[in-house]
Amino acid sequence: MVSRPVSLRARLAQAGLDPDRVLDDLTSSGLLDDEDQADRLLALLSEAAEPNDAADVLVRLARDPARLGPVLDDQAWLTRVVAVAGASRPLGELIARYDDALESLHTLDVVDRDAVERACKAAVLESDDLDRQAAGLAAVRRAATADIAARDLTGTATLDEVGAELSRLAEGVLTGTLAGIRARFAAEHRSDVRVAVIGMGKLGGHELNYVSDIDVIFVHEPIDDQDDHASQHVREVLTRLLELLNASTTMGRVYEIDPTLRPEGTSGALSRTVDSYVAYWERWARTWEFQAMLKARPVAGDLDLGRQLMERAEPFVWPERLESGVVAEIREMKSRIESKPEVVRHGERQIKLGPGGIRDIEFAVQLLQLVHGRADRSLRCTGTLPTLEALVANGYVDEDDAEPFAAAYRLLRTVEHRLQLAHERRTHTVPEDPARQEWLARSLGYRAGPDGPAREAMLRELSTTQARVRELHAKLFYRPLLEAYAVVPAETGEVSVPGQVTAMGDEAARERLEALGFRDGQAALRHVRGLTGGLSRRSRTVRAVLPAMLQVLQDTPDPDAGLASFRELVESANAAEKLMTWLRDNPASVELVGRVLGTSVVAGELLVGQPRGIEWLRDDTLRDTPRTREELVRMALARMHWQDTTAALRRLKRSELLRLVLRDLSGGVTVGVVGEELSALADACLVGALHAELASRVEALGLAGPQDLGLRFAIIGMGKLGGRELNYASDLDVLFVHEVVEGADEEQSNRLALEIAGNVMRSLSTITAEGSAFDIDADLRPEGRNGALSRTLTSYRAYWERWAEPWEHQALLRARRVAGDDDLGRRFVEEAATFAYPTEDTAGPMRRMKARIEKERIPRRVPAERHLKLGPGGLSDVEWTVQMLQQRHHDVPVVRTPSTMAAIDALQDADLLEHADAEWLRDGHRFASLVRNRLYLLRHRDVDVLPTSSKALEVLARSLGYPRGDWQQLEEDWRRHSRHVRRVCEQLFYGIDPDTREGTW
């Protein structure tokens, strides 16, 4: 017997108890006399948040065996008693003192609102003493609270259910108390005026805390202004209600009822009529008052009267258009809350108002609700979590954002509940004291482990959760699209640019759209309605994005085409929902997509046909990182393994073209870079096509590899491909060259080379439903279209020596190996250079040929001065001038380059071209190339001709960055560039003196 207290102390300590505090009481109570019972009790106590407090309550209950006996015989009942007593001293005190409170933990009945109402009405009617009435009401509330806490702490009720039951409990208390007061007044023959209680805040949202202010406003039926008795009756009823529920009693306070959300706050009348509320809302109410009404609902009294108030409030809470600045005002209000000294002082420990706290979640949800709930009634919920679920269901918030937001809300509210249960005090701050933190952690289910005490795990999770909340709050609460959507007419959610388009008839809406820059207002209205019609998740998300999209489109070169492309994109994209979600959550992306679609019809077509395009729109790093020729070649070859050659190359070209177009239209590349990257893409497609053709031959013939085919084969790039200066509309000028391997059948090898060349051309040029990869032009070969598609190098040399025209030698200036056998391609380019750079003067033949081209190839219907390629001062002037200089200075190695722009630089560096002339040639070449590229992206039929229509010129000018209405400046710039280029061309190419207009030509 001597050793028993020592071993018992150890067992108590192992259960988390303080032996010095509880040993004597537990042993004297007899609770530990039975070993099995002792083991059972200590196991339960070890799970309590504060085992010592729970033990104290059991000791007190043990003083009356009749009270404790049934509890000990019912394991579930005992578990609830220990859980509640260990988590809340006030509730532990309650169940230790009062049988009805203890009995309330016997079963797990959900709060019966009607039963609470009856009990509260009876408490008011049973006594004339206000203190006894208030104490009776408090007893009802606290007993029911203990029941809810028991199910909460034992995991039987979820957070959502706890909030809903606490709210039902408050409704029952309010309803029963008000009914009791009215019954007393009726018995005293006082006036009987209908009164309703409107629940606000957490009560209105069905998410009450254990210790919450009960925010309410009151409304009464109209009464005669002269009926002082009726007015006094209303005041007396409501004053008595507040006195009873706010009174401090031996059972504690029932609730803190707070009616200060009423009009004019504490200075305003305690209750108003419906008309009085409307009059106030029309003239005086501020944004926060309407925000508070988001959670309003009738909870007690005359519910029909309460519903009348809510119906009249609807146009104010959900206006057709939010006033300008409302969104900013709500954000400013949130900022003021965050800057309060007590919030700053406690920081993240303040889980309600601090950074990453409950208010971050509530404000973000409410702001989205205010903006979008005007047009979408499904969002008009009063609770935070139901509203968040509705926002997700209807596409206003991404599910990946909503899930962590909801989980964080539940965790933070649970922490709030545990803090308030401890001493039934309204608190939202995690304690600094480690012992109290440990208690809080245990009450939340954390336990000490190898990594440290329970509180460390809790604090880690809280910190992670609050950081995630802060991140999501910033994303949703400060979403810039909200300002744009706030002004969308709520009735239809159809169209808008801030402050401009309202809910209106077809004719008025058409006119307004035309005023915004849409040429065909009827078509624009049709697109808008097509995009926003219906109740699908996608249409709701589109309605959230469309106002900002229209705002961007109205400032683009072609808003009509942009809107049509946007609709086609939304309706056809496999990832349309993902795209809309991304646009909604990333406002800068709306600017990019709107600018691209409103600038280029081609870009819209490419986006519709390219699922990958959505990914590039979303990831600027992926989009803006240039691909090298080597990367593109690897991509082309990889596709050959799993796709038909034609399809693979066509899709590679369209995919990479889209990526380049997006970069181009977003201002990320120069026209020179566009040329280089298009050329690299063309190289890759030619390499891929040739590789696939050779591989298929090897497989068909059962050979070991291409080296066994009996020939070598190479593709030579010519023209703009050779110079790496392609534009969007360029054909690929190529020559095919082959070489028969020693010992192979020459005739057979030549025939095979022709087949390979033909198949490579077909692989790239074949037109399908999705278009083609590139148009291949091999007409620069000897004898043009009448000549063999592929020749040996020996054959080429013989032709160049005997038959080639000077212009054919000139064309060789731009020869570059692009695919096939490296050695053969290198030797071809070296051999071609001996003819491209002749020692004799070629000026005469070149001048005659150029003059002939200018005369014969510019269509008669086209004014020569508007032809960007062949007209005076066009690209041809630049290229022929540079090529004549290259041939004239053939003995200077640095000028031997296939690139026109590189040749200009080299000629200038070698002092063979004046600085001013070089600048004019460079600028003219860039300008003409840029205009041609932009005409292609605008889907003009002839990209070589500057349009004559002022409408087409306006669109073109806007696409090039000119201000609205400044298309004449575009024409003037073209005239200036072409005049400069022509002057240099006449002087250096034709030998005409610019002053006397005399020369050798």
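Residues numbered from 1 in each chain as written. Predicted model: local features only at pLDDT ≥ 70, side-chain atom pairs only at ≥ 80, totals over all residues. Heavy atoms only, no water.

Observations regarding the packing of aromatic side chains
Overall, the coordinates contain 11 aromatic pairs when judged by the stated rule. Residues tyrosine 277 and tryptophan 281 carry aromatic rings whose centres are separated by 5.6 Å and whose planes lie at 40 degrees to one another, so their mutual orientation is tilted. Of this pair, tyrosine 277 and tryptophan 281 both sit in helix α14 (residues 274–283), 4 residues apart, roughly one helical turn. Its relative accessible area of 8% is what places tryptophan 281 among the buried residues. When the ring of tryptophan 880 is compared with that of phenylalanine 989, the centres are 6.2 Å apart and the planes differ by 80 degrees; the resulting orientation is edge-to-face. (Phe/Tyr/Trp six-rings, centres within 6.5 Å; stacked < 30°, edge-to-face > 60°. Helix = DSSP H or I, 4+ residues; strand = E, 2+ residues; numbered from the N terminus. Buried < 20%, exposed > 50% of the residue type's maximum accessible area, 1.4 Å probe, protein only.)

What to know about unusual backbone geometry
Positive phi, close to 70 degrees, is recorded for glutamate 264, a residue that is not glycine. The topology assignment puts glutamate 264 in the loop between β3 (256–258) and β4 (271–272). Take glutamate 264: its relative accessible area is 48%, and that puts it in the partly exposed class. The phi dihedral of glutamate 783 falls on the positive side, at around 70 degrees, and the residue is not glycine. Within the element layout of this structure, glutamate 783 appears in the loop between β8 (776–777) and β9 (790–792). A relative accessible area of 47% places glutamate 783 in the partly exposed class.

Examining the environment of glutamate 93
Looking at the element boundaries, glutamate 93 is found in helix α7 (residues 89–97). Look at glutamate 93 and you get partly exposed, because its relative accessible area is 31%. With 33 residues separating them along the chain, glutamate 93 and arginine 60 place their C-alpha atoms 9.5 Å apart.

Thoughts on the pattern of salt bridges
Here the structure, examined in full by the defined rule, presents 79 salt bridges. Notably, a salt bridge pairs aspartate 275 with arginine 312, separated by 3.1 Å at the nearest N-O pair. Residue aspartate 275 is found in helix α14, and its partner arginine 312 is found in helix α16 (residues 303–317); the two are separated by 37 residues along the sequence. Given the relative accessible area of 49%, aspartate 275 is considered partly exposed. Residue class for arginine 312 comes out partly exposed when judged on its relative accessible area of 37%. Linking arginine 982 and glutamate 854 is a salt bridge whose minimum nitrogen-to-oxygen distance equals 3.3 Å. Of this pair, arginine 982 sits in helix α47 (residues 967–988) while glutamate 854 sits in helix α42 (residues 843–856); the two residues are 128 residues apart in sequence, bridging distant segments of the chain. Each member of the salt-bridge network shares a partner with another, and the members are Arg712, Glu739, Asp823, Arg826, Arg827 and Glu830. (Salt bridge = Lys/Arg side-chain N within 4 Å of Asp/Glu carboxyl O.)

Here's the deal with the confidence of the model for the protein
When pLDDT is averaged along the protein, the result is 87, and 92% of the positions lie at 70 or above. Note on residues 1–6: pLDDT is under 50 here. Beyond four places in sequence and across chains, it has 2 contacts. (pLDDT = per-residue confidence, 0-100. Contact = heavy atoms within 4.5 Å.)

Quick notes on the nonpolar core
Counting 104 residues, the largest nonpolar core has Phe566, Leu583, Leu686, Ile715 and Phe736 as its most contacted members. In terms of residues, this core owes the most to one element, helix α36 (residues 671–701), which gives 14 residues. If we ignore the near neighbours within four places in the chain, the residues touching isoleucine 715 are Leu686, Leu690, Val734, Leu735, Phe736, Val760, Arg816, Arg817, Val818 and Ala819. (Core = buried A, V, L, I, M, F, W, Y, C linked by side-chain atoms within 4.5 Å.)

Points about the environment of valine 687
Tracing the sequence through the fold places valine 687 in helix α36. According to the relative accessible area criterion, valine 687 is buried, its value standing at 17%. Along the sequence, valine 687 and valine 760 sit 73 residues apart, while their C-alpha atoms lie 9.4 Å from each other. The contacts of valine 687, once residues within four sequence positions are left out, are Arg629, Val633, Leu637, Val818 and Ala819.

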